[in-house]
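Okay, here's what each chain looks like letter by letter:
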Amino acid sequence: MKNILVTGGAGYVGSHVIVSLLEQGYGAVSADNLSNAAPEVYNRLRGLTGKDFAVVDADVCDETALARIIKDYDIWAVIHCAGYKAVPESIGKPLKYYENNLNSTIALCKVMRDAGVTRMVFSSSATVYGSPQFLPITERHPTGNCANPYGTSKVMNEQILTDTVAAYPDWGVVLLRYFNPIGAHPSGQIGDSPKIPLNIMPYLLQVMTGRLPVLPVTGNDYDTPDGTGVRDYLHICDLAEGHVAALKYLETFTGVEAVNLGAGQGTSVLEIVRAMENAIGKPIPTEVRPRRPGDVAAMWADAGKAKELFGWETKRSLEDMCADAWRWASQNPDGY
Ligand code: UD1
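Residues numbered from 1 in each chain as written. Predicted model: local features only at pLDDT ≥ 70, side-chain atom pairs only at ≥ 80, totals over all residues. Heavy atoms only, no water.

**Structural notes on the overall build of the protein chain**
Okay, step 1: On a plain count of helices and strands, the protein chain comes out with 11 helices and 13 strands.
Okay, step 2: Judged by the C-alpha coordinates and their principal axes, the protein chain covers about 55 × 45 × 40 Å.
Okay, step 3: Across the 336 residues that make up the protein chain, the buried fraction comes to 52%.
Okay, step 4: Element-wise, carbon and sulfur atoms account for 49% of the exposed surface of the protein chain, whose accessible area totals about 14400 Å².
Okay, step 5: Computed over 29 positive and 37 negative side-chain charges, the inter-centroid distance for the protein chain is 2 Å. (Helix = DSSP H or I, 4+ residues; strand = E, 2+ residues; numbered from the N terminus. Buried < 20%, exposed > 50% of the residue type's maximum accessible area, 1.4 Å probe, protein only. Areas by Shrake-Rupley, 256 points an atom, 1.4 Å probe, with all protein chains shown as cover. Lys, Arg positive; Asp, Glu negative; His and termini not counted. Charge placed at Lys NZ, Arg CZ, Asp CG, Glu CD.)

Quick look at the structure:
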């Protein structure tokens, strides 16, 4: 059995990745300092998969801790999900974001190099594309010019990994550029549990559970069919399975490859709200507000490369995303 180190394994993406790994016969080790996650997620994961995995309370910037994990668990590959991800906070605290998000990747690469671990899947983001120059966005679209330090930290991490692979040609690294993952595991046991809801789905769920009065629709005068922002939403379980597909690709691949993970189609804010209203059978209050600074009108992926290289494509619908997100939120209104 191949053991995979998942950094940020207690987070929204990392926890769903662990489910996919265990389902596909991999061993998993989570390294997470729980700075933005709850340990209860591990109990839920064991319950819903019926399988065990290792957990280490470690900061991913701590080289000594990482070296010990890699040795103790005979790690074959790393899925690097850990990082700070709140866009507005990154604008106010750029040094915190650069320090953590860059030092963790550098520490991981050093420890991997010293231990002879040559495979990594990195959690990147479609935010690296900045304001789209064409749609759908292929991996050849220019990167950089991000509107915030969070996005720039992803671009810089991609560069660090690209340069590292150039120096160590036996390495294989996949940079997964996520579009907009939403939803939750269909068991309702794990899901997104942010302290402050910034992204649309957590905000919507808080309105539905009565914690917030109304969903702000941030801009209805964009050049889009209904005037609201268009994004490429994909189910978190599809996203998680994309990581395992990338790992399988890395069994034989050396080099660095950036790959979009998206559904390949755009959905507007109002379309999401309508889909959620259909899923729960009641109206959701909305209110038009000004555009958020730095937001783009529309972006969606060309998802062809993931299909070509990994044989991966999304399987779950917008209805699944809404129904599963609501199951999670209604069963866990206070999160974990
Ligand atoms: C945001 C980040 C992106 C990050 C991603 C995942 C920004 C500018 N971008 O993407 O860098 O990788 O989250 O964390 O913050 N919307 C509303 N009401 C709300 C919230 C959002 O109408 O209360 C709209 C937005 O205007 C947008 C869409 O919903 O059109 C999606 O927003 P969001 O879920 O925050 O994702 P992104 O902005 O695409």
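**Description of the environment of H243**
Okay, step 1: Along the polypeptide, H243 turns up in helix 8 (residues 236-249).
Okay, step 2: As a C-alpha pair, H243 and V17 span 226 residues in sequence and 6.9 Å in three-dimensional space.
Okay, step 3: The residues touching H243, leaving out its near neighbours within four places in the chain, are V13, V17, I79, V121, S123, L176, Y178 and L261.
Okay, step 4: There is a polar contact of 2.6 Å between the side chain of H243 and the side chain of Y178. (Contact = heavy atoms within 4.5 Å. Polar contact = N/O pair within 3.5 Å; in protein donor to acceptor, adjacent residues only side chain to side chain.)

**With respect to the site of the ligand**
Okay, step 1: Taken together, the neighbourhood of the ligand is formed by 18 residues, with N199, P216, T218, R231 and R292 sitting nearest.
Okay, step 2: Between the ligand and I200, the relevant distance is 2.8 Å, taken from an oxygen atom to a main-chain nitrogen or oxygen of the residue.
Okay, step 3: One nitrogen or oxygen atom from the main chain of P216 is found 2.6 Å from a nitrogen atom belonging to the ligand.
Okay, step 4: In the complex, 87% of the free accessible area of the ligand, which totals 740 Å², lies under the protein chains.
Okay, step 5: Only helix 7 (200-208) and strand 8 (215-218) provide two or more residues apiece to the shell around the ligand.
Okay, step 6: When residues in the shell around the ligand are grouped by element, the largest group, 3 residues, is from strand 8.
Okay, step 7: The residue inventory of the shell around the ligand, partitioned by class, reads 9 nonpolar, 6 polar and 3 charged. (Near = heavy atom within 4 Å. Nonpolar A, V, L, I, M, F, W, Y, C, P; charged D, E, K, R; others polar.)

**A closer look at helix 3 (residues 63-72)**
Okay, step 1: When helix 3 is considered as a whole, its buried residues turn out to be A65, L66, I69 and I70. Viewed end-on, helix 3 has its buried residues packed into an arc of 130 degrees, placing them on one side of the element. Exposed residues pointing more than 90 degrees away from the buried face of helix 3 are listed as T64, R68 and K71.
Okay, step 2: Residues of helix 3 that are buried in the fold lie against strand 1 (3-7), strand 2 (27-32), strand 3 (54-57), strand 4 (75-80) and helix 5 (94-115).
Okay, step 3: A side-chain oxygen of the first residue of helix 3 lies 3.1 Å from the backbone nitrogen of T64; this N-cap is D62.
Okay, step 4: Immediately beyond the C-terminal end of helix 3, within one or two residues, lies D74, with a positive phi of roughly 50 degrees. (Arc of directions from axis to C-beta.)

**Some details on the pattern of salt bridges**
Okay, step 1: On inspection of all chains with the given rule, the structure shows 20 salt bridges.
Okay, step 2: A salt bridge links K96 to E89; the nearest nitrogen and oxygen atoms lie 3.1 Å apart.
Okay, step 3: R316 is paired through a salt bridge with E241; the nearest N and O atoms lie 2.9 Å apart. Of the two residues, R316 sits in the loop between helix 10 (304-310) and helix 11 (318-331) while E241 sits in helix 8, which places them 75 residues apart along the sequence.
Okay, step 4: Overall, the relative accessible area of 24% leaves R316 in the partly exposed class.
Okay, step 5: Each of D238, E241, K315 and R316 takes part in a single network of salt bridges with overlapping partners. (Salt bridge = Lys/Arg side-chain N within 4 Å of Asp/Glu carboxyl O.)

**Some points on the packing of aromatic side chains**
How two aromatic rings sit relative to each other is set out by the distance from centre to centre and by the angle between their planes.
Okay, step 1: All told, the structure shown has 7 aromatic pairs when counted by the stated rule.
Okay, step 2: Aromatic pair Y84 and Y97: ring centres 5.3 Å apart, planes at 55 degrees, arrangement tilted. Taken together, the positions of Y84 in the loop between strand 4 and helix 4 (87-92) and Y97 in helix 5 put the pair 13 residues apart, joining distant regions of the chain.
Okay, step 3: Overall, Y84 belongs to the partly exposed group, its relative accessible area being 25%.
Okay, step 4: By relative accessible area, Y97 is classed as buried at 1%.
Okay, step 5: An aromatic cluster is built from Y249, F253 and F310, whose rings are joined through pairwise contacts.
Okay, step 6: The ring of F53 has R46 sitting right over it, with the charged end atom 4.7 Å from the ring centre.
Okay, step 7: Positioned over the ring face of Y84 is K96, at 4.8 Å from the centre of the ring. (Phe/Tyr/Trp six-rings, centres within 6.5 Å; stacked < 30°, edge-to-face > 60°. Lys NZ or Arg CZ within 6 Å of the ring centre and 35° of its normal.)

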